[in-house]
Amino acid sequence: MYKEAEKLLRSVIGDEEITFSDTPNPALGDFSTTVAFNLAKKKKKNPKEIAEEIVSLLKEKEKRYIKEIKNAGPYLNFYVNYNTFGYDLLRKIMERDWDIEEKKEKVIIEHTSTNPNKPLHMGHLRNAILGDTLARIFRFLRYNTEIQNYIDDLGIQVAETLWGYKNLRFEKNKKFDHLLGEIYVEVEKIKDKRIEREIKELNREMERSDISREFVERCVEAQLKTLSDLKIHYDVLIFESDLVRSGIFDEAYEKMKQCENIVLETEGENKGCLVMKLGNVFPDMENPDKVLIRSDGTATYTGKDIAYHLWKFGLVKRNMKYKKWNSLYLSSDTGEAMNFGRGDIVINVIGVEQSYPQQVVRLSLELLGYRDKAENFYHLAYEHVSLPEEKFSGRKGTWIGYTGDELLEEALLKAMEEVESRRPDLPEEKKMRIAKAVAMGAVRYNIIKYAPEKKITFRWKDALNFEGDSSPYIQYAHARCCSILKKAELQDFDPDFSDPEEKELIKTLYKFLFEIKKACDLKRPHLLTKYLNDLATVFNSFYNSLKVIGSEKESQRLALVKATQIILKEGLQLLGIEALEEM
RNA sequence: GGGCCCGUAGCCUAGGGGAUAGGGCAACAGCCUCCUAAGCUGUGGAUCGCGGGUUCGAAUCCCGCCGGGCCCGCCA
């Protein structure tokens, strides 16, 4: 309907920018535009007169989906012909004809990238859920999408934990990541000069040989278990050690050295370091230069990250090998060559605190002459999840009691309780299935529904809320649809969409693709939860005021229910939440 | 010193130039002889942090404050 409205407007106003929005109330039509204001400014005329003029010019034009166009002062209000529009829309939805063309660009989304020495806490989950949801959205819009998880297996934290694993006594019958998390906290507590020396030595040994690989893989496997419970999956795990051993990093550093803005300092405090000069970009910064390679020849975190991104964008010749590992691939020094990397668009889901280093990575691409790559480099920054009293700290162990596993377990208990009290009639196995889907959905939804730049204070009460703006609310609307659909057969109908609830539902269904595209363009997946919540609300209101089965308009309402069910299901899938048929 | 983000009812939050600022939680009052009440309807509750400015029009854009957070390492 927007398309038709736009076409009509174009025929009289030409290239002027047009946007549509909802009217404040149905008496003023179904949607509106404010183009008359803008035209008035340009033509120095009264906006109301312009609106009137447009209305009269469009009066006689042929329309299929628009019934009428009126002006209310300077506002242009469109009245939709719900019979033609609704009928066509429902048919398209039922055919799942989304009209999305396949995209040429390859998108690489990196998310999670948690140090492999601890269990995931809610902050890590926020990262993974953001990344996973965004990836699902990109895939739905038919981008070639690759999900990477970067494993920093050479970091000092791994060395510290490995040291503790070898030298301290612990109950080892725990999930491996939890065990390591506790070891890490303990090492941080007892660490002294001697231990630190041993850890440093161990770290050097890790870089020379693969002594830590199995240890790290075990931890990653345990972390990935938590994530797969949340239906979060990856295409490939990139181990830092493989980037080093494949020679990719060295090749990238050589490339960086060719750049005139990246120089080997011969004097000053950065003497002997390879430094990126950013004085022009950040003139007011105390120390705008960024060290990429230290005077001892080792790379800094940012240096490595730049090298990694040169690889991600396909700007280095060397490549890694990969081996199949459960349902995904991981980089390896033996194995097969694969086509990972070589992205056109790179999205990194990384905390806000890394905005500056991320900006440096983007700038490095620009300085190296890859302007187009720099433009397609996005840092999806998100704020942290904290407890009412304090922040999560891996070192201090404030995450204990708040790991992803514990959250899921708690949610499952609560969900089981709810199912038990609401549906005692169901067989145990079914109750369990529903509880799992509800628990998992509640966790995902409650984390993704907030705009990424908002800090989240974790409270059990909110996290385990199954009412209102929550996953079960939407799952429930979906189950209601299914329940109706089970009781009758779909058939063709002569449309007569006259009830306000029917019209509102049609309008809301129509917005699905716009909202997804918006969420994708802005890289703000929470927009999708807002939309689905709206749709569920509109449907519930329809459900409560209109009868479907046994009504005179049964066939058309069944079609509405079917379309709603399809969109709710698609939407829930994009959020990685199971659309239950019964609950 | 500089940069970025946040500030919307008791609590959480949407909206980032357009018509009366949407929701949710909590509170209160109704609604199951009718497709699942994890639902629906209604009531109360907002100087959109403060002060200027731009605009026909500002929660939204600009400037200045105030409050909170983050960043500017040869740490990761």
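All of these numbers come straight from a predicted model, not from anything done at the bench.

## Digging into the domain arrangement of chain A
Then comes step 1: Taken domain by domain, chain A holds domain 1 (2-80) and domain 2 (404-574).
Then comes step 2: Summarising the inter-unit geometry, the C-alpha centres of domain 1 and domain 2 are found 34 Å apart.
Then comes step 3: Across the boundary between the two partners, domain 1 contributes 4 residues, which contact 4 residues of domain 2.
Then comes step 4: Approximately 390 Å² of surface area, both sides summed, lies buried where domain 1 meets domain 2, with 49% of it carried by carbon and sulfur atoms.
Then comes step 5: Looking only at domain 1, the three residues that lose the most surface to domain 2 are Tyr 2, Asp 22 and Asp 30, adding up to 92% of its buried area.
Then comes step 6: A salt bridge links Lys 511 to Asp 22, with the nearest nitrogen and oxygen atoms 2.6 Å apart.

## Some remarks on the sheet that holds strand S8 (residues 262-264)
Then comes step 1: One open sheet accounts for 3 strands, arranged S8-S9-S10; its pairing is antiparallel. Because the sheet does not close on itself, it has two edges, and the strands there are S8 and strand S10 (290-293). For this sheet, the mean angle separating the axes of adjacent strands, direction not counted, is 35 degrees.
Then comes step 2: Across 3 bridges, the pairing between strand S9 (residues 274-276) and S10 is antiparallel. Across the sheet, residue Met 276 finds its bridge partner in S10, namely Lys 290.

## Some remarks on unusual backbone geometry
Trans is the prevailing form of peptide bonds, just as negative phi is the prevailing case for residues other than glycine.
Then comes step 1: Located in the positive-phi region is Arg 96, a residue other than glycine, with phi close to 50 degrees.
Then comes step 2: By secondary structure assignment, the location of Arg 96 is in the loop between helix H4 (82-94) and strand S5 (106-110).
Then comes step 3: For Arg 96, a relative accessible area of 41% gives the class partly exposed.
Then comes step 4: Unusually for a residue other than glycine, Thr 112 sits at a positive phi of about 75 degrees.
Then comes step 5: Mapped onto the fold, Thr 112 is located in the loop between S5 and helix H5 (122-140).

## Considering the nonpolar core
Then comes step 1: Leu 237 and Leu 509 are the most contacted members of the largest nonpolar core, which totals 155 residues.
Then comes step 2: Among the elements that take part in this core, helix H16 (residues 428-448) stands out by supplying 11 residues, more than any other.
Then comes step 3: The two domains that each donate at least three residues to this core are domain 1 (2-80) and domain 2 (404-574).
Then comes step 4: In contact with Leu 237, not counting residues within four places along its chain, are Asn 149, Ile 151, Val 220, Leu 224, Trp 325, Leu 328, Tyr 329, Leu 330 and Ser 331.
Then comes step 5: The next biggest cluster of nonpolar side chains, apart from the first, holds 40 residues, and it includes Phe 249, Ile 306, Leu 310 and Leu 368.

## Focus on the side chain of Ser 364
Then comes step 1: Its location among the elements puts Ser 364 in helix H13 (residues 355-367).
Then comes step 2: Setting aside anything within four residues of it in sequence, one finds Ser 364 in contact with Met 276 and Ile 306.

Criteria and thresholds
Residues numbered from 1 in each chain as written. Chains lettered and ligands numbered in written order. Predicted model: local features only at pLDDT ≥ 70, side-chain atom pairs only at ≥ 80, totals over all residues. Heavy atoms only, no water. Domains from an automatic or database assignment. Contact = heavy atoms within 4.5 Å. Buried area = accessible area lost by both parts, 1.4 Å probe. Salt bridge = Lys/Arg side-chain N within 4 Å of Asp/Glu carboxyl O. Pairing = 2+ DSSP bridges. Helix = DSSP H or I, 4+ residues; strand = E, 2+ residues; numbered from the N terminus. Axes fitted to C-alpha atoms, helices over the stretch in contact; angles between N-to-C directions. Buried < 20%, exposed > 50% of the residue type's maximum accessible area, 1.4 Å probe, protein only. Core = buried A, V, L, I, M, F, W, Y, C linked by side-chain atoms within 4.5 Å.

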